[in-house]
Each structure stands twice: as structure tokens, then as C-alpha cells.
Amino acid sequence: MIERFHLAFRAGLINRFGEIPTASKLAIEFNLRNFQSKPISRESARKWINGQSMPETARLKTLIGWLNLDASFIYSTTLIEKVNIPLEIDSLKDRAKVEAYGRRKIEMLAHAALNFVTPLAAVLNTEGVIILVNGAWRSAAMLYPKLKGGSLGCEGVNYLAVCEKARGLGSEEANKVARSIREVITENTKTFTSKYPCHSNGDKRWFEVKVSAYKHLDDVCCVVTHVPITEATFMKKN
């Protein structure tokens, strides 16, 4: 249930704010509308945003009303039960509901598959905005202080703009990735791969970044992955 809440919640936040808000802003805005339970802390808001926890019933009802979340999707016990809806659909409205559940099932399976992937992976839209990340990417973003608990490195953030505006150490590689993202999105079929160092606290680490495009009918998205290759790099040098 927490995964379904997380998907619906983040989509609701983007629809409401145009992006994923900071934990502080979310806590303030939620507390202004929450009359059924105690105010939430910034830490609680951060955990909701990052999918680490979900609100108890009273707070969840407030979120459903405020962000116009799909309660039936959040509370559904399984994905399979939605597939078993009778085929004798009496109205266009009922048919639309069944089709919506089918789309959500595909989204949930895609999200699960993305989390199964070991490399850090993110999916961007044609504007360079992150629309989905896997667990490895989210965990890495949460551990990086400058990303403020992951809120500045996950869904709703314009990854292309971040790479283009990078300055200082590592900015050359980031700018190169930005140019490659634009080229990949424009040409659809092009793939970009590059190796780069990412040293910190005395540890020498190397990664390989790969940017590729996926097109379905008229829709195009960009997939960015970062794979740790430190061990392979040391083996080559030795």
C-alpha cells in the first residue's frame, strides 16, 4: 500500500505545486489544512516525499481531499483484483475506470522493474524533468547533503537544468551529460556513454553514465543510469 500511496502522492504534489515541494513547505501547507490530527513535522513530510512512510488514516484523508488523490487506487489491496473486473461494463464511466486501473497496473509493474535494476536509474521527460527514479537513485540522493534528503534530486527536479548549471569540480562532465541529454532526446535513437570520477572523503570512485532514449508512438522519454565501475577501473590500472 505504501508504494501506491507514494506514486499517487508525488503525482498529486506535482499537480498541485508544479514540482515536488521541500519538506518544510509541504509541512506548512499540510498543517494549514489538517484539522483532524496533530501537525506534522518537517521530518514526517520528508519521509512521505521519499516513500519511507505513509500517513495514518486521518492525515491520509486530508491529503486525499487536498491533493485530489485516487483513494480507490491507494486502498486497493492488490493489483490483480483490478484485472478481474467483469467484462460486462454498462457505462463509459465504468469502462474508463477499468482502463485507468489497467494503466496504473502497468505503471506499478514498470516502477517495480525499475527498482529491480541495480544501477542508479532515472527517467526524464523531453524537458529534462525527472518523472521517475528507482530505489538505488533515491537512496543515493538521500545520502548526498546538497540534495536535501533527496528532494532536490528526484521526481519533479529538472535534471537537465541541474547539469547545465553545474559549476566547479565535476561541472565539465555534468555539462557534457546535459548536451548529450538534449541530443538523445532530439534524435531519439542516439545513446551516450561516458566514464567519470566521483571521489569523496579520501575514497576514489568511478562511475559510468549512460543516456538513452525510449520512444512509444509520439511519446519520448530519456533514461539516465549511473553504474559504479571502481573495481573494474582499478583492475585495468593494475
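Scroll up a little and you will see the structure.
J.: How should I be thinking about the overall build of the chain in this particular structure?
T.: The number of helices and strands found in the chain is eleven helices and five strands. By residue count, 38% of the 238 residues in the chain fall in the buried class. Put simply, 44% of the contacts in the chain that link residues at least 6 apart link residues at least 24 apart. Accessible area for the chain stands at about 14,400 Å²; split by element, carbon and sulfur atoms hold 56% of it.

J.: Whenever I open this one, the packing of aromatic side chains confuses me. Can you help?
T.: The description of two aromatic rings rests on the distance between their centres and on the angle between their planes. Evaluation of the coordinates by the stated rule reveals six aromatic pairs. Consider the rings of F5 and F9, whose centres lie 5.1 Å apart with planes at 15°: the pair is stacked. Remark: F9 and F5 occur in helix α1 (residues 2-17); sequence separation between them is four residues, near one turn of the helix. On the basis of relative accessibility, which here comes to 0%, the residue F9 falls in the buried class. Aromatic pair F30 and W48: ring centres 5.3 Å apart, planes at 85°, arrangement edge-to-face. Of this pair, F30 sits in helix α2 (residues 23-33) while W48 sits in helix α3 (residues 42-50), and the two are 18 residues apart along the sequence.

J.: Sorry, what's going on with the environment of D70 here?
T.: Mapped onto the elements, D70 comes out in the loop between α4 (57-67) and α5 (71-75). Note on D70: relative accessible area 25%, which makes it partly exposed. Sequence-wise, D70 and G12 are 58 residues apart; in three dimensions their C-alpha atoms are separated by 9.4 Å.

J.: It is not clear to me how unusual backbone geometry should be interpreted in this structure. Could you clarify?
T.: The phi torsion at N68 lies on the positive side, around 55°, for a residue other than glycine. The topology assignment puts N68 in the loop between α4 and α5. Judged by relative accessible area, N68 falls into the exposed class, the value being 68%.

J.: For this particular structure, what's the right way to read the pattern of salt bridges?
T.: A pair can form between side chains of opposite charge whenever their charged atoms are brought close. As enumerated under the stated definition, the model contains eight salt bridges in all. As a salt-bridge pair, R138 and E155 come within 2.9 Å of each other at their nearest N and O atoms. Separated by 17 residues along the polypeptide, R138 in helix α8 (residues 135-143) and E155 in the loop between α8 and α9 (159-164) bring together distant segments of the chain. A relative accessible area of 8% means that R138 is categorised as buried. The shortest N-O distance in the salt bridge between E208 and K195 comes to 3.3 Å. One end of the pair, E208, is in strand β4 (residues 206-216); the other, K195, is in strand β3 (residues 191-197), and 13 residues separate them in sequence.

J.: In this structure, what is going on with α1? I would like to understand it.
T.: Each α-helix winds once per 3.6 residues, and so residues spaced three or four apart point in a common direction. A rise of 1.5 Å per residue sets the reference length of α1, with its 16 residues, at 22 Å; its end C-alpha atoms lie 22 Å apart and thus fit the reference within 8%. Positive backbone phi, approximately 85°, marks G18, located one or two places after α1.

J.: What is the right way to read the pairing of strand β1 (residues 120-124) from this model?
T.: The element β1 is largely enclosed, with a buried count of five among its five residues. Burial along β1 is two-sided: the residues L120, A122 and L124 and A121 and V123 are all buried. Pairing geometry for β1 and strand β5 (residues 219-228), over five bridges, is antiparallel. For A121, the partnering residue across the bridge sits in β5 and is T225. Relative to strand β2 (residues 130-133), β1 runs antiparallel, the two being bridged by three bridges. Residue pairing for β2: V123 is matched across the bridge by L132. Hairpin connection between β1 and β2: a loop of five residues separates the two successive antiparallel strands, and G128 in this loop has a positive phi of roughly 90°.

Procedures and definitions
Residues numbered from 1 in each chain as written. Predicted model: local features only at pLDDT ≥ 70, side-chain atom pairs only at ≥ 80, totals over all residues. Heavy atoms only, no water. Helix = DSSP H or I, 4+ residues; strand = E, 2+ residues; numbered from the N terminus. Buried < 20%, exposed > 50% of the residue type's maximum accessible area, 1.4 Å probe, protein only. Contact = heavy atoms within 4.5 Å. Areas by Shrake-Rupley, 256 points an atom, 1.4 Å probe, with all protein chains shown as cover. Phe/Tyr/Trp six-rings, centres within 6.5 Å; stacked < 30°, edge-to-face > 60°. Salt bridge = Lys/Arg side-chain N within 4 Å of Asp/Glu carboxyl O. Expected span 1.5 Å × (residues − 1). Pairing = 2+ DSSP bridges.

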